[in-house]
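Listed below are the residues making up each chain.
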Amino acid sequence: MPKISLKFSEQVLKEIPLDKPRLTIGRKPDNDLVIDNPAVSGHHALIFSEGGVFFIEDLGSTNGTFVNDAKIHKEKLKNSDRVAVGAHVLIYQDEIAPASTPPMEIESDKTILPDTAKQIEPVKAVPGTAKTAAAEGKKAEKVGRLTVVSGETDRKTYELTGHLTVIGAEDTATVRLTGCRKGARRPR
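Here the structure is a predicted model, which means the values were calculated and not measured.

J.: Explain the side chain of Asn37 residue by residue, including any values.
T.: In this structure, Asn37 sits in the loop between strand S4 (33-34) and strand S5 (45-50). A relative accessible area of 14% means that Asn37 is categorised as buried. Excluding anything up to four places from it in sequence, Asn37 contacts Phe8, Arg27, Ala87 and His88.

Structure follows, in C-alpha cells:
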C-alpha cells in the first residue's frame, strides 16, 4: 500500500498509509495531516488517487508545494518523490515489492574475489544509471546523496540518481575511486 513519510530536519515524524482516496494537508485542524508550522497554509495541499495513481495538488498555498525541488500546481507522484510543504518534507513511497533474486551459496571458508571487469560490462548498459540517463538525454532522478568520509575519490559529495550507482575505479563508475588501480587485487 502506498504511504507518505512526514519528515522534519531528516527525522521521520510519522508515516501515513494512503488507504483513502484523499488526504488533505495543512495547518488547520480539519486536515487529515496537520502540520503546525507557520510556513504551511491552513489548507496547503491535497494528495488524491485517480485511476489507481496518486497525485498531489497545491491548494493555492502562500509558499507553494514542491516536488523534487520543482514548484507544482498538480503533479503525479512517483516512488521516492520528495514533496516540500513549508519546512517539512513528505516522501511518497509506492511499496511495490522488488523482484527477489535467489541467494548465492557461498562456502564459508573461502574468500571470493569478484572479477570486476566482468561485473562492470553489464552495468554500462543498465537503464536507470546516471550515465545512461545522460546518454539518452534524460534528466536524472535524484534518489539520494553519498558523502565520502574517508578515502580518495574525485569528489566528496555525490548526488545519486537512478536506481543503480556504480562505485569503482572504472571510467563508467558514477562514484570514481581515484586511490585504486584498475584490475588490482588485494592480497588474501
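The rest of the description comes next.
J.: Please provide a residue-by-residue account of the pairing of strand S6 (residues 53-58), values included.
T.: In this sheet, S6 lies alongside S5 in antiparallel orientation, the contact comprising 6 bridges. Considered in S6, the bridge of Phe48 is made with Phe55. The loop that links S5 with its antiparallel partner S6 comprises 2 residues; one of these, Gly51, has a positive phi angle of about 65°. Pairing analysis gives 3 bridges linking S6 to strand S9 (residues 74-76), with the strands arranged antiparallel. Residue pairing for S9: Ile56 is matched across the bridge by Glu75.

J.: Can you lay out the side chain of Asp58 for me, pointing to particular residues and giving the numbers?
T.: As for its position among the elements, Asp58 is in strand S6. Within the buried core, Asp58 has no salt-bridge partner, and the shortest N-O distance to an opposite charge, that of Lys71, equals 6.9 Å. At a separation of 2.6 Å, a polar atom in the side chain of Asp58 contacts the side chain of Thr65. In contact with Asp58, other than residues within four places in its own chain, are His44, Ala45, Gly64, Thr65, Ile72 and His73.

J.: Tell me about the pattern of salt bridges, residues and numbers included.
T.: Evaluation of the coordinates by the stated rule reveals 4 salt bridges. Of the charged contacts, one joins Arg82 and Glu10 as a salt bridge, the two residues approaching to 3.5 Å between their closest N and O atoms. Of this pair, Arg82 sits in strand S10 (residues 82-85) while Glu10 sits in the loop between strand S1 (3-8) and strand S2 (11-17), placing them 72 residues apart in sequence. Across the pair Asp81 and Lys78 runs a salt bridge, and its minimum N-O distance is 3.9 Å.

J.: Please provide a residue-by-residue account of the packing of aromatic side chains, values included.
T.: Here the structure, examined in full by the defined rule, presents 2 aromatic pairs. When the centroid spacing of 5.6 Å and the interplanar angle of 15° are considered together, the rings of Phe48 and Phe55 count as stacked. Of the two residues, Phe48 and Phe55, both sit in the buried class. Ring plane angle 50° and centroid distance 6.2 Å describe the contact between Phe54 and Tyr92, whose orientation is recorded as tilted. One end of the pair, Phe54, is in strand S6; the other, Tyr92, is in strand S11 (residues 88-93), and 38 residues separate them in sequence. Over the face of the ring belonging to Phe55 we find Lys74, whose NZ or CZ atom lies 5.2 Å from the ring centre.

Reading the values: rules and limits
Residues numbered from 1 in each chain as written. Predicted model: local features only at pLDDT ≥ 70, side-chain atom pairs only at ≥ 80, totals over all residues. Heavy atoms only, no water. Helix = DSSP H or I, 4+ residues; strand = E, 2+ residues; numbered from the N terminus. Buried < 20%, exposed > 50% of the residue type's maximum accessible area, 1.4 Å probe, protein only. Contact = heavy atoms within 4.5 Å. Pairing = 2+ DSSP bridges. Lys, Arg positive; Asp, Glu negative; His and termini not counted. Salt bridge = Lys/Arg side-chain N within 4 Å of Asp/Glu carboxyl O. Polar contact = N/O pair within 3.5 Å; in protein donor to acceptor, adjacent residues only side chain to side chain. Phe/Tyr/Trp six-rings, centres within 6.5 Å; stacked < 30°, edge-to-face > 60°. Lys NZ or Arg CZ within 6 Å of the ring centre and 35° of its normal.

Keep in mind these values describe shape, not function.
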